[in-house]
Amino acid sequence: MNVEPTEEVQAIDARGRFDERAWRNICAQIAVAASKDCRQLYDQYVEVFSAGVDAQLKNLPSEFHPAALKIAAQWDYAQTPNDIAKGIREHNRAVMERIRDLQKSPVNHSGW
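Criteria and thresholds
- Residues numbered from 1 in each chain as written.
- Predicted model: local features only at pLDDT ≥ 70, side-chain atom pairs only at ≥ 80, totals over all residues.
- Heavy atoms only, no water.
- Helix = DSSP H or I, 4+ residues; strand = E, 2+ residues; numbered from the N terminus.
- Contact = heavy atoms within 4.5 Å.
- Areas by Shrake-Rupley, 256 points an atom, 1.4 Å probe, with all protein chains shown as cover.
- Axes fitted to C-alpha atoms, helices over the stretch in contact; angles between N-to-C directions.
- Left-handed = near helix turned anticlockwise from the far one by under 90°.
- Nonpolar A, V, L, I, M, F, W, Y, C, P; charged D, E, K, R; others polar.
- Buried < 20%, exposed > 50% of the residue type's maximum accessible area, 1.4 Å probe, protein only.
- Salt bridge = Lys/Arg side-chain N within 4 Å of Asp/Glu carboxyl O.
- Phe/Tyr/Trp six-rings, centres within 6.5 Å; stacked < 30°, edge-to-face > 60°.

Participant: Pulling in residues and values, what's your account of the overall build of the protein chain?
Facilitator: The secondary structure content of the protein chain amounts to 4 helices and 0 strands. Reading the protein chain from its N end, one meets helices and strands in the order α-α-α-α. Considering only residue pairs separated by 6 or more positions, the protein chain has 61% of its internal contacts joining residues 24 or more positions apart. Approximately 8,000 Å² of the protein chain is accessible, and the part contributed by carbon and sulfur atoms is 49%.

Participant: Summarise the packing of helix H1 (residues 20-38) against helix H2 (residues 42-57); cite the residues concerned and give the values.
Facilitator: H2 packs onto H1 with a crossing angle of 145 degrees between their chain directions and a minimal axis gap of 8 Å. In terms of crossing hand, the pair formed by H1 and H2 is right-handed. For the pair H1 and H2, the contacting residues are Trp23, Ile26, Cys27, Ile30, Ala31, Ala34, Ser35, Asp37 and Cys38 in the first and Gln44, Tyr45, Val48, Phe49, Gly52, Val53, Gln56 and Leu57 in the second. For the contact of H1 with H2, the per-class residue count stands at 12 nonpolar, 4 polar and 1 charged.

Participant: Requested: an account of unusual backbone geometry, with residues and values cited.
Facilitator: Positive phi is not limited to glycine here, since Asp76 has a value of about 75 degrees. As for its position among the elements, Asp76 is in the loop between helix H3 (65-72) and helix H4 (81-104). When its relative accessible area of 34% is taken as the criterion, Asp76 is described as partly exposed.

Participant: I'd like a rundown of the pattern of salt bridges, residues and numbers included.
Facilitator: For the coordinates displayed, the defined rule picks out 2 salt bridges. Close ionic contact of Asp13 with Arg17 constitutes a salt bridge, the shortest N to O distance being 3.0 Å. Asp13 gets classed as partly exposed once you look at its relative accessible area, which sits at 23%. The exposure class assigned to Arg17 is partly exposed, which follows from its relative accessible area of 46%. Two residues, Glu20 and Arg24, come together in a salt bridge whose shortest N-O distance is 3.7 Å. Here Glu20 and its partner Arg24 are both found in helix H1, 4 residues apart, which amounts to about one turn of the helix. According to the relative accessible area criterion, Glu20 is partly exposed, its value standing at 41%. Its relative accessible area of 31% is what places Arg24 among the partly exposed residues.

Participant: Kindly report on the packing of aromatic side chains, identifying the contributing residues and their values.
Facilitator: The final tally for this structure, using the stated rule, is 3 aromatic pairs. Ring geometry for Phe18 versus Phe64: centroids 5.7 Å apart, planes at 20 degrees, classification stacked. With a gap of 46 residues between them, Phe18 in the segment before H1 and Phe64 in the loop between H2 and H3 connect regions that are remote in the sequence. Residue classification places Phe18 among the buried positions, given a relative accessible area of 15%. Phe64 gets classed as buried once you look at its relative accessible area, which sits at 13%. Taken together, the aromatic side chains of Phe18, Trp23 and Phe64 make up a single cluster linked through ring pairs.

Function-wise, these values are silent; they only describe arrangement.
As structure tokens, this is what we get:
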């Protein structure tokens, strides 16, 4: 599984500062690749995406890791199996809430 961005993108600008926009692009590229590889299995997506982020963090000075991980969390980055399990529970809870909301909604049959 290729979880690294397809093109070389640097998350450090010419002045040595963390480039949030570039890092968001890196995360987006990893997320797209992970989505293709996971076959819509959330836990597999999180594992693949997180591994891709971890690989990219090796190229980033550690002082920028907290900011980078905060951004990566927007795509469901998880550092531990417990993080993954928590994400799965939250995902399942959100899906069940949507299902309950749909069941509560009155069905409009007037157009049939």
